[in-house]
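# Architecture at a glance
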Protein chains: 2
Amino acid sequence: MINLKNTLFEKKLKVTPQRLKVLEAVYNISHPTAEDVIKYIRKRYFDIATGTVYKILETFVEKGLIKKITTDKDIIRYDGILKPHHHLYSLEGNLIKDYIDEELDKILQEYFKHKKISDFEITEISLQIKGKFNK
Amino acid sequence: MINLKNTLFEKKLKVTPQRLKVLEAVYNISHPTAEDVIKYIRKRYFDIATGTVYKILETFVEKGLIKKITTDKDIIRYDGILKPHHHLYSLEGNLIKDYIDEELDKILQEYFKHKKISDFEITEISLQIKGKFNK
DNA sequence: TTCTTAAAAGAGAATAATTCTCATTTAAGA
DNA sequence: TCTTAAATGAGAATTATTCTCTTTTAAGAA
């Protein structure tokens, strides 16, 4: 169980009720949009301005507390998992799942140790795996 | 040199001047946004309604003529290259480059032939490689 | 505990990308 | 050439996101 207050404190961010709840939301919802976060907080805790949530999410991304994830929809989603991982995308719906595979990471790391891409320095590699979820 | 008229015809799409130019634009601009396509056409050929361009791009994606590509910005980009490939993303600016690497594709294919992801059928794998371009 | 102040939050207007509606035009086959 | 379903255009509507400016508050100092 993560101590939310401490997480903010370590990043030198003022601990506010709004920030605590946004962080909680991103940790508890899978790949939420800003709108998802707003609903989560309004339903359970208190009213919050949309601009505030957008601002807080942006701040968290800058501080490296959460990550933006890429989708080909026009809505930005966020991810509370920081350790490098990949994503499974449903070709049918909006479902996105995390995919963690350290063996694969090792293979990729090994591969790019030898194969250099000219004029490009790799910081991070993530796979988008598209397909179909079977129920 | 691709025959644009024929490309549309094969997909059973009415051949219109607007569609021809949108297709030309996506082939000639690297990872354009809808706005990029509109500017391209207006500058060189004729005025075109924004809604028309959005509609045409959507139609092309549905017919598999082009692909949407994912970015963590809030703008959708398109890609005229259909053969499976990966993308290099600049962490600094908006630069996106195609990255084609058949050796890597083979390794991934081999890897996932053995390693199955439970309840998921892979259709397509693409890498997002983030990092820094060196001039 | 109270005071101070920079930072954060709130309200709502502004912006920008995208979608929608409906009237008009046009490609393509009869 | 005629017919018609499909495509385009114009602009309004929608929606996600950002911005502005005022008010509130967290946190450290006194």
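Going by the structure above, here's the rest.
Residues numbered from 1 in each chain as written. Chains lettered and ligands numbered in written order. Predicted model: local features only at pLDDT ≥ 70, side-chain atom pairs only at ≥ 80, totals over all residues. Heavy atoms only, no water.

## Let's talk about the interface of chain B and chain A
Inclusion rule: Note on contacts: a residue pair qualifies if any of its non-hydrogen atoms lie within 4.5 Å across the two residues. Here the quantity called buried area is the total loss of accessible area, with a 1.4 Å probe, experienced by two parts when brought into contact, counted for both. Any carboxyl oxygen of Asp or Glu that lies within 4 Å of a side-chain nitrogen of Lys or Arg is treated as forming a salt bridge with it. Elements are defined by DSSP. Helices are runs of H or I of four residues or more, strands are runs of E of two residues or more, and each kind is numbered from the N terminus.
Taken together, the 35 residues of chain B in the interface contact 36 residues of chain A. Summing the contributions of chain B and of chain A, the shared interface buries around 3,400 Å²; its carbon and sulfur component is 59%. Ranking the residues of chain B by area buried against chain A places B:Y111, B:F120 and B:Q128 at the top, with a combined share of 18%. Put simply, chain B and chain A have four salt bridges between them. The closest approach of N and O atoms between A:K115 and B:D101, which form a salt bridge, is 3.8 Å. Secondary structure elements with two or more residues in the side of chain B that touches chain A: β3 (86-90), α5 (102-114) and β5 (120-133) of chain B.

## A short note on helix α3 (residues 34-44) of chain A
Residues and elements named next belong to chain A. Where we set the bar: For every residue, the accessible area (1.4 Å probe, protein chains only) is compared with the maximum for its type, and the residue is labelled buried under 20%, exposed over 50%, or partly exposed between those bounds. Each direction from the helix axis to a C-beta atom contributes to the arc, which is the arc of those directions.
Along α3, the positions that sit buried rather than exposed are A34, V37, I38, Y40 and I41. Looking down the long axis of α3, one finds its buried residues gathered within 160° of arc, a one-sided arrangement. In this structure, α3 carries K39 and K43 as exposed residues pointing more than 90 degrees from its buried face.

## A few points about the packing of aromatic side chains
Rule in force here: The rule is short: rings of Phe, Tyr and Trp, with Trp giving its six-membered ring, pair when the centres are within 6.5 Å, and they are stacked under 30 degrees, edge-to-face over 60, tilted in between.
Under the defined criterion, the tally for this structure stands at eight aromatic pairs over all chains. An angle of 45° between the planes, with centres 6.3 Å apart, marks the rings of A:Y99 and B:F112 as tilted. On the criterion of chain membership, the pair formed by A:Y99 in strand β4 (residues 96-99) and B:F112 in helix α5 is interchain, its members lying in two chains. Residue class for A:Y99 comes out buried when judged on its relative accessible area of 8%. Looking at B:F112, the relative accessible area reads 8%, which means it is buried. Between A:F120 and B:F133 the ring centres are 4.7 Å apart and the planes differ by 65°, which places this aromatic pair in the edge-to-face class. Taken together, the residues span two chains, with A:F120 in strand β5 (residues 120-133) and B:F133 in strand β5.

Purely spatial values, then, with no claim about function.
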